[in-house]
Structures are given as C-alpha cells and as structure tokens.
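Observations on the model geometry
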Amino acid sequence: MDKKIVILNGSPRKKGNTAALTAEFTRGAEEAGNTVTEFFLADMDIHGCRGCFGGHSTRECPCVQKDDMDRIYPAVKDCDVIVLASPLYYWNMSGQLRTAVDRLFALEEGDGNLLRGHGRASALLMAAEGHGFEDVVLYYDHLMEHLKWKNLGHVLAGGNGQVGEIEGTPELRKAYELGRTV
C-alpha cells in the first residue's frame, strides 16, 4: 500500500489503553506496507492557538509560534492518513490532542490550503472508562467533513479505565484490522 501515516497520540500515558490501540493499528498498517510516524503529544511542547491568523501554509514552519508543532507540520503536509488517538476526557478528545488539532489550522492559512482535501484520510482511535463517545464522534465527523478527508472510521474502546484493561478486547483486533486496510 505504501502510504504515509501520521498518528497524533493525545494520551498522557505512554503505556495506557490508547497506546495499545495505536500499537495494534501501527502493527497492522506496517504489515500492509505502510510507514507510520507517531507523535506522543504529552512529551511535546505545544502551545495553544493564538487565533492570530498569522500562519502561512507554504512556509516550512507555517505558524507564527515556534514550538514542537514545527516537527508535526512537515509530517502532516507529506502524509496520506492522519490518525487521531486519545482517551475520552469529558466526552471529548484530550487537551493535548485538541491543542494539536487546533494548531493544524496554520496549514489552512495564507498562501494556500495544505490541510483540507489533498486526498487525505483519517481514523479515530479512543479508549475510555465509560462509553459516552457520541459527542466526540459528532465533532470528529464534522471535522472530517470540513477538512474533506475520507473518514476511515472509529475504534472506540469503552469500559477500559485502568491501564491494561483493554488487553484481549475486540477493539484491539479492530484497530489492527483498520491499520491493515488503510
């Protein structure tokens, strides 16, 4: 398949349930011949969007802020698939992931829109103690519509509050299969 995949992992836990989902997705995607680059956002210095509209999409670093988003922008510009991975926090994505997604807006500004369209696709991987994914899925689906990205679907693993509770669940197999079919 030979696609370039970027995973934006918004979990604060390197070995938590969200990480288990991304690991299985990655295993499937790499077995299918794809290249996967994962960004563990909790270890990165990413500031909130200033709403300044000062970005210029065609610059190497499109945002006026200089932080670790400068590592993410080139990968996103060059990828075919973007996977958003997060635990469910108050019926939404984690703050780490939302901040990075907000900052991707710089790729839509200035000299040309390098984010919207371009044949990209996306998937959503989420783990949660509960099962209330409706609001975040609605947001994600609207985001896919706005960005004109093909929505590859969601793997939503509820009932996994403690680290490791996701082991042996059907959602891990679904994440692997999603990775294989990207």
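One numbering rule holds for all chains: residues counted from 1, following each sequence as written. Totals for whole chains, interfaces and linings use every residue, but because this is a predicted model, local features are given only for residues with pLDDT of at least 70 and side-chain atom pairs only at 80 or more, for both listing and counting. For side-chain calculations, the full set of non-hydrogen atoms in the structure is used, while hydrogens and water are omitted.

1. Here we look at the overall build of the protein
Rules: Note on conventions: DSSP H or I runs of at least 4 residues are helices, E runs of at least 2 residues are strands, and numbering of each starts at the N terminus. We take the radius of gyration over the C-alpha atoms and set the globule estimate at 2.2 Å times the residue count to the 0.38 power. Exposure classes here rest on a 1.4 Å probe applied to the protein chains alone. A residue is buried below 20% of its type maximum, exposed above 50%, and partly exposed in between. A contact between two residues is defined here by any heavy atoms of the two lying within 4.5 Å. A 1.4 Å probe and the Shrake-Rupley method give the accessible areas. Residues count as covered only by the protein chains that appear here.
Scanning the protein from terminus to terminus reveals 5 helices and 5 strands. Computed over C-alpha atoms, the radius of gyration of the protein comes to 16 Å, within 12% of the 16 Å expected from 2.2 N^0.38 for 182 residues, which places it in the range of a compact globule. Referenced to the eigenvectors of the C-alpha coordinate spread, the extents of the protein come out at roughly 45 × 35 × 30 Å. Buried positions account for 51% of the 182 residues belonging to the protein. For the protein, the proportion of contacts with a sequence separation of at least 24, taken over those separated by at least 6, is 78%. Carbon and sulfur atoms form 49% of the exposed surface of the protein, whose accessible area is close to 8500 Å².

2. Structural notes on the packing of aromatic side chains
Worth spelling out the cut-off: We call Phe, Tyr and Trp rings a pair once their centres come within 6.5 Å, taking the six-membered ring for Trp, and we label the pair stacked below 30 degrees between planes, edge-to-face above 60, and tilted otherwise.
In the structure shown here, the tally under the stated rule is 2 aromatic pairs. A ring pair is formed by Phe-53 and Phe-105, whose centres lie 5.8 Å apart and whose planes are at 85°; its orientation type is edge-to-face. One end of the pair, Phe-53, is in the loop between strand S2 (35-40) and helix H2 (69-78); the other, Phe-105, is in the loop between helix H3 (95-103) and strand S4 (121-127), with 52 residues separating them in the sequence. You can call Phe-53 exposed: its relative accessible area is 64%.

So, to be careful, I would describe these as geometric facts and stop short of saying anything about function.
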